[in-house]
Amino acid sequence: EVVLLHKASKTLILSDLLYKSTPHACGPGGAENHYTTPDWFAQGQEQLFYGAADDVSNGLLPSYRCHPRVRTIDEVGMKRSLENILGWTFDRSLACHTDPIEGAEAREVLKQAWDFVMR
């Protein structure tokens with residue numbers, strides 16, 4: 001995982017730490033930009049990866065990144081890294097799979113997605 005902070009613009013730059021900027025998007029993306037086409041493919045991804053009843057990411061990450069039976073992350077190390085990142089000063093975030101996220105929402109969406117690690 002790669003996370004950068006552009007201090008001059010207060011922009012957090014993420015690779016795959018977020019897949020959605022809103023849980024209401026169908027497939028990866030956000031309210032404005034949809035990164036999976038055609039629609040039937042996005043709907044299939046939604047059903048396979050985001051629609052699980054036991055989702056722990058508030059609908060923001062695919063199940064293969066966060067489902068307890070599938071994930072292969074160092075949760076202690078991940079929590080430490082997230083605490084470090086959330087301590088940085090940033091006003092927006094840019095990620096490979098999401099819309100740009102502005103203001104306090106940039107921090108909140110990241111917290112929501114990884115809440116299962118931060119507990």
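Residues numbered from 1 in each chain as written. Predicted model: local features only at pLDDT ≥ 70, side-chain atom pairs only at ≥ 80, totals over all residues. Heavy atoms only, no water.

Remember that side chains alternate between the two faces of the sheet whenever the strand is regular. Of the pairings in the sheet, the one linking strand 1 (residues 3-6) to strand 2 (residues 11-14) comprises four bridges and is antiparallel in character. Looking across to strand 2, one finds that H6 is bridged to T11. Between strand 1 and strand 2, which pair antiparallel one after the other, the connecting turn spans four residues, and K10 there sits at a positive phi close to 55°. (Pairing = 2+ DSSP bridges. Helix = DSSP H or I, 4+ residues; strand = E, 2+ residues; numbered from the N terminus.)

Before going further, it helps to spend a moment on the pattern of salt bridges. Applying the stated criterion to the full structure yields six salt bridges. Residue K20 is joined to E46 by a salt bridge in which the shortest nitrogen-to-oxygen separation is 2.7 Å. In this pair, K20 sits in the loop between strand 2 and helix 1 (39-50) while E46 sits in helix 1, placing the two residues 26 residues apart along the sequence. As far as the burial class goes, K20 and E46 line up, both buried. For D115, the salt bridge identified is with R119, shortest N-O distance 3.1 Å. Here D115 falls in the partly exposed class, since its relative accessible area comes to 31%. You can call R119 exposed: its relative accessible area is 67%. (Salt bridge = Lys/Arg side-chain N within 4 Å of Asp/Glu carboxyl O. Buried < 20%, exposed > 50% of the residue type's maximum accessible area, 1.4 Å probe, protein only.)

Turning to the packing of aromatic side chains, a few remarks are in order. On inspection of all chains with the given rule, the structure shows four aromatic pairs. Taking 5.9 Å as the distance between ring centres and 80° as the angle between the ring planes, the aromatic pair formed by W40 and F41 counts as edge-to-face. Using a relative accessible area of 62% as the deciding quantity, one classes W40 as exposed. Between F49 and Y64, the aromatic rings sit 5.1 Å apart at their centres with planes inclined by 85°, giving edge-to-face as the arrangement. Of this pair, F49 sits in helix 1 while Y64 sits in helix 2 (residues 63-66), and the two are 15 residues apart along the sequence. Among the aromatic residues, those joined into a ring-pair cluster are Y19, F49 and Y64. We note K20 situated over the ring of Y50; from NZ or CZ to the ring centre the distance is 4.3 Å. In this arrangement the basic side chain of R107 is found over the ring face of F90, its NZ or CZ atom lying 4.2 Å from the centre. (Phe/Tyr/Trp six-rings, centres within 6.5 Å; stacked < 30°, edge-to-face > 60°. Lys NZ or Arg CZ within 6 Å of the ring centre and 35° of its normal.)

Here we come to unusual backbone geometry. Of note in this structure, K10 is not a glycine but carries a positive phi near 55°. Within the secondary structure, K10 sits in the loop between strand 1 and strand 2. Given a relative accessible area of 36%, K10 falls into the partly exposed group. In this structure, N58 is a non-glycine residue whose phi angle is positive, near 60°. Assignment of secondary structure puts N58 in the loop between helix 1 and helix 2.

This part is about the pairing of strand 3 (residues 92-95). Only one face of strand 3 is buried: it carries S93 and A95, and the other face, with R92 and L94, is open. Where strand 3 meets strand 4 (residues 101-102), two bridges bridge the pair, whose relative direction is antiparallel. When the bridges of strand 4 are listed, S93 appears paired with I101. In textbook terms, the turn of a hairpin is the stretch between consecutive antiparallel strands, and for strand 3 and strand 4 this stretch comprises five residues.

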